[in-house]
Amino acid sequence: MIIVMRHGATPEEIAGVVAKIDAAGLKAHVSQGTELTVIGAVGDERALKPEMFELLPGVERAMHVVKPYKIVARDWQPKNTVVDVRGIPIGGPDLQVIAGPCSVETPEQMAQAARAVKAAGCRLMRGGAFKPRTSPYTFQGAGVEGLKMFRAAADREGLPIVTELMDARLLDTFLEYDVDVIQIGTRNMQNFDLLKAVGQTNKPVILKRGMCATVSEWLMAAEYIAAGGNHNIIFCERGVRNFDPAYRNMLDVTAIPVLKRETHLPVIVDPSHAGGKAWMVPALARAAIAAGADGLLIEMHPTPCEAWCDADQALAPDELNALMGELRGIAAVLGRGL
Ligand code: PEP
Ligand code: MN
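Please read these numbers as outputs of a predicted model, since none were measured by experiment.

This paragraph deals with the coordination of the manganese ion (ligand 2). Surrounding the manganese ion (ligand 2) are the protein donor atoms Cys-102 (SG), His-273 (NE2), Glu-299 (OE) and Asp-310 (OD), which sit 2.0 to 2.4 Å from the metal. All donors of the manganese ion (ligand 2) belong to a single chain; written as a sequence motif, their spacing is C-x170-H-x25-E-x10-D. Taken together, the residues span a long stretch of sequence, with His-273 in helix 9 (residues 271–275) and Asp-310 in the loop between strand 14 (295–299) and helix 11 (317–333) at a distance of 37 residues.

What follows deals with the packing of helix 6 (residues 192–199) against helix 7 (residues 215–227). At a closest axis distance of 6 Å, the pairing of helix 6 and helix 7 adopts a crossing angle of 40 degrees. Accordingly, the angle class assigned to the pair helix 6 and helix 7 is oblique. Remark: the crossing between helix 6 and helix 7 carries right-handed chirality. Residues Phe-192, Leu-195, Lys-196, Val-198 and Gly-199 of helix 6 form the contact with helix 7, whose own contacting residues are Ala-221, Tyr-224 and Ile-225. Grouping the constituent residues of the contact of helix 6 with helix 7 by class yields six nonpolar, one polar and one charged.

This part takes up the pairing of strand 7 (residues 96–100). With five of five residues buried, strand 7 is to be regarded as a mostly interior element. Alternating positions in strand 7 separate into two faces, Gln-96, Ile-98 and Gly-100 on one and Val-97 and Ala-99 on the other, with burial throughout. By the bridge criterion, five bridges tie strand 7 to strand 14 in an arrangement that is parallel. Bridge pairing in strand 14 links Ala-99 to Ile-298. Pairing of strand 7 with strand 8 (residues 124–126) involves two bridges; the strand directions are parallel. If you follow Ala-99 over to strand 8, its bridge partner there is Met-125. The parallel pair strand 7 and strand 8 is bridged by helix 3 (residues 107–120), and the resulting crossover is right-handed.

For the rest of this paragraph, the subject is the site of ligand 1. Around ligand 1 sit Arg-126, Lys-131, Pro-132, Glu-164, Gln-183, Gly-185, Thr-186, Arg-187, Lys-208, Arg-238, His-273 and Glu-299, and that is every residue in its neighbourhood. Lys-131 places a polar side-chain atom, nitrogen or oxygen, 2.8 Å from an oxygen atom of ligand 1. In this structure, an oxygen atom belonging to ligand 1 sits 2.9 Å away from a main-chain N or O atom of Thr-186. Protein chains shield 97% of the accessible area of ligand 1, which is 290 Å² for the free molecule. For the shell around ligand 1, the class distribution of residues is one nonpolar, four polar and seven charged.

Next up on the list: the packing of aromatic side chains. In this description, a pair of aromatic rings is defined by centroid distance and the angle of the planes. Enumeration over the complete set of coordinates arrives at four aromatic pairs. With a centroid separation of 5.9 Å and 35 degrees between ring planes, the pair formed by Phe-130 and Phe-174 is classed as tilted. Here the residue Phe-130 occupies a position in the loop between strand 8 and helix 4 (143–157), and Phe-174 occupies one in helix 5 (residues 171–176), the gap between them amounting to 44 residues. Each member of the pair, Phe-130 as well as Phe-174, carries the same accessibility label: buried. Centre to centre, the rings of Trp-218 and Phe-235 are 5.4 Å apart; their planes meet at 80 degrees, and the pair counts as edge-to-face. With Trp-218 in helix 7 and Phe-235 in strand 12 (residues 233–237), this residue pair connects regions lying 17 residues apart in the sequence. You can call Trp-218 buried: its relative accessible area is 0%.

Attention now goes to the environment of Tyr-177. Mapped onto the elements of the fold, Tyr-177 is located in the loop between helix 5 and strand 10 (181–184). Residue Tyr-177 is classed as buried on the basis of its relative accessible area of 17%. Here the alpha-carbon distance between Tyr-177 and Phe-150, two residues 27 residues apart in the chain, equals 9.7 Å. Once you skip the residues sitting within four places of it in the chain, Tyr-177 turns out to touch Val-144, Leu-147, Lys-148 and Arg-151.

A separate point is the domain arrangement of the protein chain. As far as domains go, the protein chain holds domain 1 (2–63) and domain 2 (83–333). Distance from the C-alpha centre of domain 1 to the C-alpha centre of domain 2: 46 Å.

Attention shifts here to helix 4. One full turn of an α-helix is made of 3.6 residues, so residues set three or four places apart face in the same direction. Over its 15 residues, helix 4 extends 22 Å from the first C-alpha to the last, a length consistent with the 21 Å expected when each residue adds 1.5 Å. Along helix 4, the residues classified as buried are Gly-143, Gly-146, Leu-147, Met-149, Phe-150, Arg-151, Ala-153 and Ala-154. Where helix 4 is buried, its residues meet helix 3, strand 8, strand 9 (161–164) and helix 5. Looking one or two residues past helix 4, Gly-158 carries a phi angle of roughly 70 degrees, positive in sign.

It is worth spelling out unusual backbone geometry at this point. Note on backbone geometry: most residues besides glycine have negative phi, and most peptide bonds are trans. For Asp-178, which is not a glycine, the phi torsion comes out positive at approximately 50 degrees. Within the fold, Asp-178 resides in the loop between helix 5 and strand 10. We note that Asp-310 has phi near 55 degrees; this positive angle belongs to a residue other than glycine.

Rules behind the numbers
- Residues numbered from 1 in each chain as written.
- Chains lettered and ligands numbered in written order.
- Predicted model: local features only at pLDDT ≥ 70, side-chain atom pairs only at ≥ 80, totals over all residues.
- Heavy atoms only, no water.
- Donors = N, O, S within 2.8 Å, 3.2 Å for Na, K, Ca; no water.
- Helix = DSSP H or I, 4+ residues; strand = E, 2+ residues; numbered from the N terminus.
- Axes fitted to C-alpha atoms, helices over the stretch in contact; angles between N-to-C directions.
- Parallel < 35°, antiparallel > 145°, perpendicular 65-115°, else oblique.
- Left-handed = near helix turned anticlockwise from the far one by under 90°.
- Contact = heavy atoms within 4.5 Å.
- Nonpolar A, V, L, I, M, F, W, Y, C, P; charged D, E, K, R; others polar.
- Buried < 20%, exposed > 50% of the residue type's maximum accessible area, 1.4 Å probe, protein only.
- Pairing = 2+ DSSP bridges.
- Right-handed = clockwise from strand over helix to strand, strands pointing away.
- Near = heavy atom within 4 Å.
- Polar contact = N/O pair within 3.5 Å; in protein donor to acceptor, adjacent residues only side chain to side chain.
- Areas by Shrake-Rupley, 256 points an atom, 1.4 Å probe, with all protein chains shown as cover.
- Phe/Tyr/Trp six-rings, centres within 6.5 Å; stacked < 30°, edge-to-face > 60°.
- Domains from an automatic or database assignment.
- Expected span 1.5 Å × (residues − 1).

Below is the structure:
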């Protein structure tokens, strides 16, 4: 921890800070500048809190120098982590595109969607059986029946499934249906009990960014999962709230290099919930890959205009196909596979 003294702090005030550091079992290192005195507390700074010092006379401010997240931090593991989903690597040199409908509707819709996902060359499929809807009067998802439909359709095409968990009480059901990747949605990024619950499993988890969350809060949310023993975490940027109603959310492309620097875990991007319109998806997807994302989570529906949820932003199968072709070109330039 670093404690910055106020301009003109007296020797007694400096001694008071040093005594407090000593009492906590750390060593104080006093650095006297021409304008200010800065005191470093050397040792395990977890024993210290900024408030312990900021209330002392003569102290301007105090701050931690060690990051509050550990397991997920690149400082602690410099090498990229590759999350394995039934033999499919996420976070390695190959990019992965996870595609599928916003929600699981019917067995026919899922069968058509699974065929289209496979035909486009995507290796994992998405689909929500439990939907976090803004209105309680809109379609809430097909529930456990939806998990069954999803599993059957994806199994026929040999695709691992990605689906959202909203309630820890359903975790056993998710494990029963052998959900391959558990998605934690934007609205639950700081549902700490849910994070702790998935932290107790060994299932890969896609942790979407809270719509108003800072990168640091997002990393701390991942640390909750990791602290339970589950290190199979994939970050997913899906756009943040912004002032402009011209689009659903603002895709924070800046977060991609920032996260890649801060964490060794894979980072993917959901361009569908960012733009909120199908026509924006290709541009945002291309930007995400160019900025260093390890993959994408894209909404695709066999017949978008009939989708029960997020129809506006769903790509049609031929649009997904065309996008995959473009992304292969970008991947090749970057020395990555798709
Ligand atoms: C989704 O992926 O279907 C979803 C609801 O996303 P988000 O949590 O990002 O809104
Ligand atoms: Mn959706």
